[in-house]
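# Reading the structure
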Amino acid sequence: MNVNIDKKVFNDVYLPYLDNEDRYLVFYGGGSSGKSYFIVQRFVYMLLKRKMNLLVVRQTGDTNRNSTFALFMQVISSWGMNSLFDISESNLRIRCINGNEVIFKGLDDVEKVKSTTFKSGELTHIWVEEATECQEADINQLKVRLRGGKSKKQMVLSFNPINITHWIKRHFVDGEVAKATVCFSTYKDNKFLTKEDREALEAFKDIDPYYYDVYCLGKWGVLGKGYFNSEKVNKRLEEVEGAEKTGYFDYDYDEMRQMITDFRWVSSPKGFIRIYEDVKERVPYVIRL
Ligand SMILES: Nc1ncnc2c1ncn2[C@@H]1O[C@H](COP(=O)(O)OP(=O)(O)O)[C@@H](O)[C@H]1O
Ligand SMILES: [Mg+2]
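I will try to describe carefully the structure that is included in this document. Remember, it's a predicted structure, so these values are computed and weren't measured experimentally.

### What to know about the sheet that holds strand E4 (residues 93-96)
With mixed pairing, the 8 strands of this open sheet are ordered in space as E3-E4-E5-E2-E6-E7-E1-E8. Each end of this open sheet is capped by a strand with a single partner; those strands are strand E3 (85-88) and strand E8 (181-185). Each strand of the sheet is rotated relative to its neighbour by a mean of 15°, with strand direction disregarded. In the sheet, strand E2 (residues 53-58) pairs with strand E5 (residues 101-106) via 6 bridges, with the strands oriented parallel. The partner of Asn-53 across the bridge, within E5, is Glu-101. Here helix H1 (residues 35-49) sits on the sheet in contact with strand E1 (24-29), E2, E4, strand E6 (125-128), strand E7 (154-159) and E8, set at roughly 160° to E7.

Rendered as structure tokens:
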């Protein structure tokens with residue numbers, strides 16, 4: 001199908017990814033940067049252009065209705081393309097007149113995700129929205145679903161950088177498990193926001209440093225308040241050189257008992273913890289709680 005879409009309807013930061021075909025495509029950064037909106041625009045464009053079937057996944061299936069599904073309806077209608085799509089609100093299904101389909105599911109019902117089939121052709125694309133809500137094991141299952149077959153496959157993930165220790169950073173952004181193409185954006189990249197929208201985000205600077213870092217600047221979140229003045233610590237860290245160790249703490253989490261059962265140090269150049277002076281054996285330390 002031949003369609004013409006004006007470049008102006010997209011935010012510039014995302015344009016290089018419009019025709020991207022890499023297996024893993026990640027959109028992360030601050031809030032209101034237009035990530036979700038662009039991902040939907042891109043899929044609507046692709047649905048018209050090529051043979052494909054898309055599965056849209058969120059942790060909780062029901063939340064699709066007012067987020068991902070609603071966005072598809074919004075984009076299709078704003079592009080005046082309602083006649084090219086058959087939209088079923090009751091089944092959360094969208095069918096393009098060329099046979100391509102979009103299905104929306106939740107990882108809270110893994111069996112339903114597993115049994116999803118399309119009218120014609122195989123599953124070619126998966127979008128995991130708010131992917132930080134999901135377990136790494138579930139995402140691994142979805143990866144398996146994209147293997148094999150004849151056509152080119154792609155998994156798109158979108159999220160805010162809510163926690164620097166989150167598995168998604170290691171897995172997709174640092175690329176320790178999957179080599180992903182990563183697009184970073186903040187509200188500054190979204191030309192469709194109003195002055196009020198921008199001011200509301202900026203206002204968090206004085207209200208909540210964590211929220212400001214994550215949702216305004218798109219920085220990886222560090223939860224909890226430190227004991228030391230973080231500004232002074234950061235200033236000192238800019239001066240010191242040569243960390244003795246770089247790595248992170250890995251831990252086992254017991255889901256049933258909801259507690260950490262074991263943790264250990266892992267040396268890795270990509271770790272977010274730097275130790276400038278290691279603990280010495282037989283030297284007493286005071287731990288303040
Ligand atoms: N290409 C666009 N055209 C029109 N409005 C847009 C566009 N991109 C983003 N917006 C507006 O900006 C808001 C924030 O975008 P959204 O995709 O929800 O951000 P994010 O997913 O990064 O938090 C949307 O609700 C929408 O009103
Ligand atoms: Mg979003």
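### Some points on the environment of Leu-92
Along the chain, Leu-92 falls in the loop between E3 and E4. Residue classification places Leu-92 among the partly exposed residues on the basis of 19 C-beta atoms within 10 Å. In sequence terms Leu-92 and Asn-190 are 98 residues apart; their C-alpha atoms lie 28 Å from each other. Filtering out sequence-adjacent residues up to four positions away, Leu-92 remains in contact with Asn-64, Arg-65, Phe-69 and Phe-104.

### Quick look at the site of ligand 1
As a matter of local geometry, ligand 1 sits amid 14 residues, with Gly-34, Lys-35, Ser-36, Tyr-37 and Phe-192 nearest to it. In the shell around ligand 1, the residues fall into 5 nonpolar, 8 polar and 1 charged.

### So, the environment of Lys-153
Position of Lys-153 among the secondary structure elements: in the loop between helix H4 (136-145) and E7. For the pair Lys-153 and Leu-123, spaced 30 residues apart in sequence, the C-alpha to C-alpha distance is 8.1 Å. Setting aside residues up to four positions removed in sequence, Lys-153 forms contacts with Arg-23, Thr-124 and Leu-146.

### A few points about the pairing of strand E9 (residues 245-254)
Counting buried residues in E9 gives 0 out of 10 residues, a small share hidden from the surface. One ladder, built from 8 bridges, connects E9 with strand E10 (residues 259-267); its direction is antiparallel. The residue of E10 that forms the bridge with Tyr-248 is Val-266. Once E9 ends, the chain turns through 4 residues before running back antiparallel as E10, passing Gln-258 with a positive phi of about 50°.

Calculation notes
Residues numbered from 1 in each chain as written. Chains lettered and ligands numbered in written order. Predicted model: local features only at pLDDT ≥ 70, side-chain atom pairs only at ≥ 80, totals over all residues. Pairing = 2+ DSSP bridges. Helix = DSSP H or I, 4+ residues; strand = E, 2+ residues; numbered from the N terminus. Axes fitted to C-alpha atoms, helices over the stretch in contact; angles between N-to-C directions. Contact = placed C-beta atoms within 7 Å. Buried ≥ 20, exposed ≤ 12 C-beta atoms within 10 Å, placed from the backbone. Near = placed C-beta within 6 Å. Nonpolar A, V, L, I, M, F, W, Y, C, P; charged D, E, K, R; others polar.

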